[in-house]
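The lines below spell out each chain.
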Amino acid sequence: MTFNPLKEKGMAFEKQLRNWHQIVAKPYKKQKVDCYTRTRQILMNGIEVEGWGFKHQFNRFVSSIDSKDKANISRLGRIENQQQMTCNWMCPEDQSVLETTLAYEQVAVDLTAWLAQNEPDSYVKETFDFGLLEDFDHLYRYSQYAYMREGIEPEDIVQGQTDIITGRPTQHHHNCNGLRLRKHYDKSTASPQTKVNILTVLSGEQQTHNFYAEHGFMYGDHVLRETYAEIKDVEEEHVTMYESLTDPSETLFEKLLLHEFTEVCNYYTCVEDETDEKIKKYWEIFLDMEIEHLHIAAEIFKKYEKRDPEEVIGSNIVIPCRFKSQKAYVQKILEKEIDKRLAPNGKYYNTIDEIPKDWASYPVQERVSEISAPSENCINIVEFYHDRDIIKANENLENKEVSLLKKGLQKTAVAKNTVFPEKLQNMIEKHEERKKIKEKII
Ligand SMILES: [Fe+2]
Ligand SMILES: [Fe+2]
Ligand SMILES: [Fe+2]
Ligand SMILES: [Fe+2]
């Protein structure tokens, strides 16, 4: 269907400032919320944080703009700030940091899988698939702590929509920054879908990084704190990777337009998909607000760039965040690409066997894991609690865990505390032996 937000009527800008009661929404109930309502809430918080931060950067760096327009950009930033509070504070106080963490990684897995399948640029798609397998492994690592520390069945958070099993091992996500930098799209030929897809996942990854930065220290368990530190650092790499896909020669006026368009597209998708009637009301209001933001950005773009906004964003909405179960797709990529690594020149990917001996990521991995990799320790520790790691997938995938690990592990720069496939196999066998004894009540 056609929906050209440049031609739709939005909410008048003077009406967008809300009072505190309107800003602070009633939180959802963690036991009742649909997992994809929660992923939308988390993603839209990330989109708003980016929208807010961008306006500050814009006003700090752009001097060739008159004071009336500068004031309008500043007003826009304030509205983004209010929307961000509404989105983020839908989260209830009794949802623990680890529970929210599992939901953040579910966002990353199911969002990136959707984007990969709806990405017209094959190189960008490949990059999405690459990032996907890393966040998939984060979900598995955090699930161990959720079980050990808080007795949480990770299933209660992901509600059977996302599998939990080893991905590309987190200890191998640490790369030389130069390798994380990918080839950027060409602003004059890239489709609006590509531009919106990248800005959407980038906003999500940045917010995940920020969430770990602000919450990883809230546990006393030192190994868990170290795991947050390790995974936060990977999210920093994800921000580096996804932002490098965007064309740096886009002007800040062009980027302003793209930010507002991305907000419109995401809220549009949220309105279409939301099953919680109360929360849907917020998505509808925010979509109306964003349409007006887009009109303001389009006017500023026309005034200073003397170009038609449709050259940048096209004349139709795109769908960037359709949350639904992606298990089959993720399993396919997992089996095919768990051994993929970043190759030099920002253009290619290699398998473990193909990377050169002097691969620039090896010294980084050797340095950060020189004592141990916290993401491996969590599997070592969970053995005491559960005999083996906590996983949840279909039987076919569960049976492939050991062989997946074998394929995903490197031979070089491997942490000393690594759980190797042989050990994992022993853990699985021990778990099977003891299961029957444990299940007996007396
Ligand atoms: Fe916004
Ligand atoms: Fe992640
Ligand atoms: Fe990530
Ligand atoms: Fe906006």
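Residues numbered from 1 in each chain as written. Chains lettered and ligands numbered in written order. Predicted model: local features only at pLDDT ≥ 70, side-chain atom pairs only at ≥ 80, totals over all residues.

Colleague: Can you lay out the domain arrangement of the protein chain for me, pointing to particular residues and giving the numbers?
Modeller: Segmenting the protein chain into domains produces domain 1 (13-330) and domain 2 (351-434). Relative to domain 2, the C-alpha centre of domain 1 lies at a distance of 29 Å. With 26 residues of domain 1 in contact, the opposing surface of domain 2 contributes 32 residues. Those elements that provide at least two residues to the side of domain 1 that touches domain 2 are helix H5 (122-150), helix H6 (154-158), helix H7 (177-180) and helix H9 (222-243). Along the lines of polarity and charge, the residues of the side of domain 1 that touches domain 2 split into 10 nonpolar, 10 polar and 6 charged. (Domains from an automatic or database assignment. Contact = placed C-beta atoms within 7 Å. Helix = DSSP H or I, 4+ residues; strand = E, 2+ residues; numbered from the N terminus. Nonpolar A, V, L, I, M, F, W, Y, C, P; charged D, E, K, R; others polar.)

Colleague: Talk me through the nonpolar core; I want residue IDs and the actual numbers.
Modeller: Leu-102, Leu-111, Leu-132, Leu-257, Phe-261 and Val-264 are the most contacted members of the largest nonpolar core, which has 97 residues in total. Composition of this core by domain shows at least three residues from each of domain 1 (13-330) and domain 2 (351-434). (Core = buried A, V, L, I, M, F, W, Y, C linked by C-beta atoms within 7 Å. Buried ≥ 20, exposed ≤ 12 C-beta atoms within 10 Å, placed from the backbone.)

Colleague: Pulling in residues and values, what's your account of the packing of helix H17 (residues 401-408) against helix H18 (residues 421-439)?
Modeller: Two elements in contact, H17 and H18, have axes whose closest approach is 9 Å; the angle formed by their N-to-C orientations is 165 degrees. When the interaxial angle is binned, H17 and H18 end up roughly antiparallel. In this structure, the crossing between H17 and H18 has a hand that is right-handed. Contacts between H17 and H18 involve Glu-401, Val-402, Leu-405 and Lys-406 from the former and Pro-421, Leu-424 and Gln-425 from the latter. (Axes fitted to C-alpha atoms, helices over the stretch in contact; angles between N-to-C directions. Parallel < 35°, antiparallel > 145°, perpendicular 65-115°, else oblique. Left-handed = near helix turned anticlockwise from the far one by under 90°.)

Colleague: Can you lay out the environment of Lys-232 for me, pointing to particular residues and giving the numbers?
Modeller: As for its position among the elements, Lys-232 is in helix H9. You can call Lys-232 partly exposed: it has 18 C-beta atoms within 10 Å. The spacing of Lys-232 and Phe-211 is 21 residues in sequence and 8.6 Å in space, taken between C-alpha atoms. Contact partners of Lys-232, with chain neighbours within four places excluded, come to His-209, Tyr-212, Ala-213 and Gly-216.

Colleague: Go over the environment of Thr-200 with me, naming the residues and quoting the values.
Modeller: You can see Thr-200 is positioned in helix H8 (residues 192-215). As a C-alpha pair, Thr-200 and Cys-265 span 65 residues in sequence and 9.6 Å in three-dimensional space.

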